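Survey of secondary and tertiary structure
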Amino acid sequence: MNCIFCDIVNGKAPSEIIFEDEHVLGFLDIRPLNYGHSLVIPKIHFENFLDVPKSDLESVVAAAQKISEAIKLSMNTDGLNIVANTGRAAGQTVFHFHFHIIPRFNSDDFHFKPVFKNYENGLMKELADKIRKAVK
Ligand code: AMP
Ligand code: ZN
C-alpha cells in the first residue's frame, strides 16, 4: 500500500514533525491554508475518521488538543479550525486519517462560503428520526 503519511511515520518521507508520542504524530502541512497549518495522525494506518478504533482516536484527539494549544500560544492565533475531511466527496485526498489544525486570525483572508439550507415541511424531524434510529 502506498501511503505518504505512513512514509512520514516510518521516516521514509521528509516532514516537519512538531509532536510525537507512542501512537500519534503531528507535523506541518506542506500546503498550508495559513502558516502553521498542522496535521495530526495515528501512527497506525486507518483510512478515515469512521475506521479509527476508540483508543487510537482518543490518543489523536488528546494530541490534537495539545498541539492546538501550542499553536495558539506560539503563533498568537485568534482561532483555529479543527477538521477531519472524511471521504473523497468531503475533500479527503490522503486516505490515512488526519485532523487538520488550521491557525486563524481576525485579519486573515480565508473564508468558508457555505450556502445554508432551510428545513421545510417536517424534514428536520424526519432526518433526526432517521439518524436517531441509526445511532448505535
Ligand atoms: P485532505 O485533503 O483532508 O486529505 O488533506 C491532506 C493534506 O495533506 C493536504 O492539506 C496536503 O497538503 C497534505 N499533505 C500531502 N502530502 C503531504 C506531505 N508529504 N507532507 C505534509 N503534508 C502533506
Ligand atoms: Zn498510511
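My aim in this report is to walk through the structure given alongside it, one point at a time. The model shown is predicted, which means the values in this text are computed figures rather than measured ones.

Reading guide: rules and limits
- Residues numbered from 1 in each chain as written.
- Chains lettered and ligands numbered in written order.
- Predicted model: local features only at pLDDT ≥ 70, side-chain atom pairs only at ≥ 80, totals over all residues.
- Heavy atoms only, no water.
- Donors = N, O, S within 2.8 Å, 3.2 Å for Na, K, Ca; no water.
- Helix = DSSP H or I, 4+ residues; strand = E, 2+ residues; numbered from the N terminus.
- Buried < 20%, exposed > 50% of the residue type's maximum accessible area, 1.4 Å probe, protein only.
- Lys, Arg positive; Asp, Glu negative; His and termini not counted.
- Salt bridge = Lys/Arg side-chain N within 4 Å of Asp/Glu carboxyl O.
- Contact = heavy atoms within 4.5 Å.
- Pairing = 2+ DSSP bridges.
- Axes fitted to C-alpha atoms, helices over the stretch in contact; angles between N-to-C directions.

**Some remarks on the coordination of the zinc ion (ligand 2)**
Think of it this way: four donors in a tetrahedron around the metal ideally sit 109.5 degrees apart, and six in an octahedron ideally sit 90 or 180 degrees apart. The coordination sphere of the zinc ion (ligand 2) contains the protein donors C3 (SG), C6 (SG), H45 (ND1) and H96 (ND1), at a distance range of 2.1 to 2.3 Å. Going along the chain, you hit the donors of the zinc ion (ligand 2) in the pattern C-x2-C-x38-H-x50-H. In this pair, C3 sits in the segment before α1 (4–9) while H96 sits in the loop between β4 (79–83) and β5 (99–104), placing the two residues 93 residues apart along the sequence. Owing to a relative accessible area of 5%, C3 belongs among the buried residues under this scheme. A relative accessible area of 0% means that H96 is categorised as buried.

**Quick notes on the side chain of D56**
Examined against the element boundaries, D56 turns out to sit in helix α2 (residues 54–75). For D56, which is buried and forms no salt bridge, the nearest opposite charge comes from K43, at a distance of 11 Å. The residues contacting D56, other than those within four sequence positions of it, are I44 and F46.

**Considering the sheet that holds β4**
Ordered by their spatial adjacency, five strands build an open sheet running β1-β2-β3-β5-β4, and the pairing between neighbours is antiparallel. Looking at strand neighbours, the two that pair on one side only are β1 (17–20) and β4, the edges of this open sheet. Averaged over all pairs of adjacent strands, the angle between strand axes in this sheet comes to 20 degrees, irrespective of strand direction. Inspection of the sheet shows strand β2 (residues 24–28) paired to strand β3 (residues 38–42) by five bridges, in the antiparallel sense. Its bridge partner being in β3, V24 is matched across the sheet by P42. Packing of α2 onto the sheet brings it into contact with β1, β2, β3, β4 and β5, and relative to β5 it is tilted by some 20 degrees.

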